[in-house]
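Residues per chain, in single letters:
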Amino acid sequence: MAGEEKPVGIAVLGLGNVGSEVVRIIEESAEDLAARIGAPLVLRGVGVRRVADDRGVPVELLTEDIEGLVAREDVDIVVEVMGPVEPARKAILTALERGKSVITANKALMAQSTGELAQAAEKARVDLYFEAAVAGAIPVIRPLTQSLAGDTVVRVAGIVNGTTNYILSAMNETGASYDSALADASALGYAEADPTADVEGYDAAAKAAILASIAFHTRVTADDVYREGITKVTAEDFESAKALGCTIKLLAICERLTTGKGKQKVSARVYPALVPLDHPLASVSGAFNAVVVEAEAAGRLMFYGQGAGGAPTASAVMGDLVMAARNRVQGGRGPRESKYAKLPIASIGVIPTRYYVSLYVKDRPGVLSSVAAEFAKREVSIAEVRQEGIADDGGQRVGARIAVLTHQATDEALSETISALEELDAVSQVASVLRMEGAGE
Ligand code: NAP
């Protein structure tokens, strides 16, 4: 009988958006959880910065002594939902070294210190789970590490940051500028007071590092991920995207590439990109997340849902907690870190994508051919050229805004082309350069 088994002692670090939901589920679903695990979960303590009797948890369970809590003899599993990297890293290491299994939702930490933490878990032969670190409630770590363990993953691409997706969706729907969409997102609580980690793509890059590591059995850190944020995306870019039958999304892309010499490499990158409206990621709007996984035998799989928020994130944490607790009761461990492939990281310069380039050009004959010549010199093949508008100066036409859509070209070739265009007399300004994903070659 479940109730007769030795209880599994739990320490929760953090009682914020996620921690308070984890504690609630542990308390409210105690009977069901005990039946699923084969033993009851018992909350031994909750680590916080501020101990007080108005926090919805018996005050005797609260403590500011994080290190003391995780080291307690009667704690079997530590749930870390406090962030940031420190003191979480130190507390998790203490817990692992003392033989506790650890569940964490801390993407910044996992993208930076997976190696160190995985080694400590390995040494102590305990579980280290982090489903909630990528895309909140959406199961994506477990499908990659377990369901697809016998397949070969070739690509993982997704929308993994709700704040930026909310901002870009608002710009798409209302024609708002970036600044005004960000202000609305902040007022509605979708963006933090300091939105840098989200809008500059750091959060998505941490998640891309975690996904690439797992998908390609290679240790990838956030520093290996090429990153561009959304702060330069304009209302005009959205107008152009619409004219091309696209929208703009901040994508995290992890790919296994084969170089000309037949060598395999890993690319992990985050940037805003044009996405055709008929692509499955185009319709993921608001604060939702989605991840598309492509594997050799399975084909294309899509995971969609709530990528953040207290309860959705707690759902992923609880899934990990039940797994780790079952392992404690029944014996056994979850999968260890798999890094046997040790693939090198491909630099962004060699990555082929399609590009959309918007330019202001002067109103004179031969302009288009001189622009086209700069693309041709670097073997960047043009798929389409469109006039997007007229540039005027006090009512007098002085030039035009044109958009060039390329076939696939490397980042290196495109960057050289842009530098040359900026020097060209016929070009007044390169207004925008965006990649296009999911539209063939
Ligand atoms: P939060 O609301 O800010 O809560 C943080 C909690 O941790 C608070 O209870 C705080 O204590 C406690 N804490 C912070 N620093 C501490 C320290 N030095 N010592 C003791 N306690 C400390 O954060 P959250 O939104 O729940 O997020 C928690 C973690 O989950 C983060 O790693 C985050 O990246 C990750 N995550 C969050 C979401 C989400 O949607 N919120 C989604 C995925 C992953 P006090 O209450 O006393 O201040």
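Looking up the protein in an unreviewed UniProt entry gives the name Homoserine dehydrogenase, with the organism given as Mycolicibacterium murale. Heading Cofactor (unreviewed entry) of the UniProt record for the protein holds this comment: "a metal cation". Per UniProt, the protein carries the Sequence similarities (unreviewed entry) text "Belongs to the homoserine dehydrogenase family."

Student: I keep staring at the overall build of the protein and nothing clicks. Help me out?
Tutor: Within the protein one finds 14 helices and 17 strands. A compact globule built from 441 residues should have a C-alpha radius of gyration of about 22 Å, and the protein, at 25 Å, falls within 12% of that. Principal-axis analysis of the C-alpha atoms gives the protein an extent of 85 × 50 × 35 Å. In the protein, which comprises 441 residues, the proportion classed as buried is 53%. The long-range fraction of contacts in the protein, counting pairs at least 24 apart against all pairs at least 6 apart in sequence, stands at 73%. Element-wise, carbon and sulfur atoms account for 48% of the exposed surface of the protein, whose accessible area totals about 19400 Å². A gap of 6 Å separates the mean positions of the 44 positive and 59 negative side-chain charges of the protein.

Student: Sorry, what's going on with the site of the ligand here?
Tutor: Lining the immediate surroundings of the ligand are 21 residues, of which L15, R49, R50, R55 and G309 lie closest. N17 places a main-chain nitrogen or oxygen 3.0 Å from an oxygen atom of the ligand. Protein chains shield 78% of the accessible area of the ligand, which is 890 Å² for the free molecule. Taken together, the residues of the shell around the ligand sort by class into 10 nonpolar, seven polar and four charged.

Student: Would you mind showing me how to read the pairing of strand β17 (residues 427-436) here?
Tutor: Walk down a regular strand and you will see the side chains alternate between the two sheet faces. Relative to β17, strand β10 (residues 264-276) runs parallel, the two sharing two bridges. What sits directly across from A273, in β17, is R435. Here strand β13 (residues 352-362) pairs with β17 via eight bridges, running antiparallel. Bridge pairing in β17 places Y360 opposite Q429.

Student: Help me out: how do you make sense of the sheet that holds strand β6 (residues 128-129) in this one?
Tutor: One key point about sheets: their strands pair by backbone hydrogen bonds, in either a parallel or an antiparallel sense. Spatial ordering of the open sheet is given by β3-β2-β1-β4-β5-β6, a layout of six strands whose pairing is parallel. Two strands close off the open sheet at either side, each with one partner strand: β3 (62-63) and β6. For strand β4 (residues 77-80) and strand β5 (residues 101-104), the ladder comprises four bridges, and the chain directions are parallel. By the bridge assignment for β5, V79 is matched with I103. Against the sheet, helix α1 (residues 17-28) engages β1 (8-13), β2 (41-47) and β4, with an angle of about 160 degrees to β1.

Student: Sorry if this is basic, but what is going on with the pattern of salt bridges here?
Tutor: Opposite charge on two side chains lets them pair, provided their charged atoms get close. A complete count under the given rule lists 29 salt bridges for this structure. When the shortest N-O distance is used, the salt bridge between E67 and K90 registers 3.9 Å. Here E67 is found in helix α3 (residues 66-70), whereas its partner K90 is found in helix α4 (residues 85-97), with 23 residues between them in sequence. Relative accessible area serves as the criterion here: at 27%, E67 is assigned to the partly exposed category. Of the charged contacts in the structure, one is a salt bridge between R269 and E437, with a shortest N-O distance of 3.8 Å. In this pair, R269 sits in strand β10 while E437 sits in the segment after β17, placing the two residues 168 residues apart along the sequence. Overall, R269 belongs to the buried group, its relative accessible area being 2%. If you follow the salt bridges from partner to partner, you end up with E122, R125, R333 and R336 in one network.

Student: Mind showing me how you'd approach the side chain of T353 here?
Tutor: Counting through the fold element by element, T353 comes out in strand β13. A polar contact is formed between the side chain of T353 and the side chain of Y355, at a distance of 3.4 Å. Contact partners of T353, with chain neighbours within four places excluded, come to R269, Y271, H407, Q408, A409, R435, M436 and E437.

Student: Would you explain the environment of E116 in this entry?
Tutor: Secondary-structure assignment places E116 in helix α5 (residues 107-124). Counting along the chain gives 226 residues from E116 to K342, while the straight-line C-alpha distance between them is 16 Å. For E116, the contacting residues outside a window of four places in its chain are R89 and L93. Within the local environment of E116, its side chain forms a polar contact with the side chain of R89, the two groups lying 2.8 Å apart.

Student: What exactly am I supposed to notice about the UniProt feature "active site" (unreviewed entry) in the protein here?
Tutor: UniProt marks K207 with the feature "active site" (unreviewed entry), using the numbering shown here. Along the polypeptide, K207 turns up in helix α10 (residues 202-216). The contact partners of K207, leaving out residues within four places of it in the chain, are K107, A133, V134, A135, V160 and N161.

Student: What should I look at first to understand the UniProt feature "binding site: NADP(+)" (unreviewed entry) in the protein in this one?
Tutor: If you check UniProt for "binding site: NADP(+)" (unreviewed entry), the listed places come out as L13, G14, L15, G16, N17, V18, G19 and S20 in our numbering. Structurally, the position occupied by N17 is in helix α1. Of note, G19 is situated in helix α1. Given the relative accessible area of 0%, G19 is considered buried. If we ignore the near neighbours within four places in the chain, the residues touching G19 are V12, G14 and V81.

The rules behind these values
- Residues numbered from 1 in each chain as written.
- Predicted model: local features only at pLDDT ≥ 70, side-chain atom pairs only at ≥ 80, totals over all residues.
- Heavy atoms only, no water.
- UniProt positions renumbered as here; feature names shortened; annotations may be inferred.
- Helix = DSSP H or I, 4+ residues; strand = E, 2+ residues; numbered from the N terminus.
- Rg over C-alpha atoms; globule rule 2.2 N^0.38 Å.
- Buried < 20%, exposed > 50% of the residue type's maximum accessible area, 1.4 Å probe, protein only.
- Contact = heavy atoms within 4.5 Å.
- Areas by Shrake-Rupley, 256 points an atom, 1.4 Å probe, with all protein chains shown as cover.
- Lys, Arg positive; Asp, Glu negative; His and termini not counted.
- Charge placed at Lys NZ, Arg CZ, Asp CG, Glu CD.
- Near = heavy atom within 4 Å.
- Polar contact = N/O pair within 3.5 Å; in protein donor to acceptor, adjacent residues only side chain to side chain.
- Nonpolar A, V, L, I, M, F, W, Y, C, P; charged D, E, K, R; others polar.
- Pairing = 2+ DSSP bridges.
- Axes fitted to C-alpha atoms, helices over the stretch in contact; angles between N-to-C directions.
- Salt bridge = Lys/Arg side-chain N within 4 Å of Asp/Glu carboxyl O.

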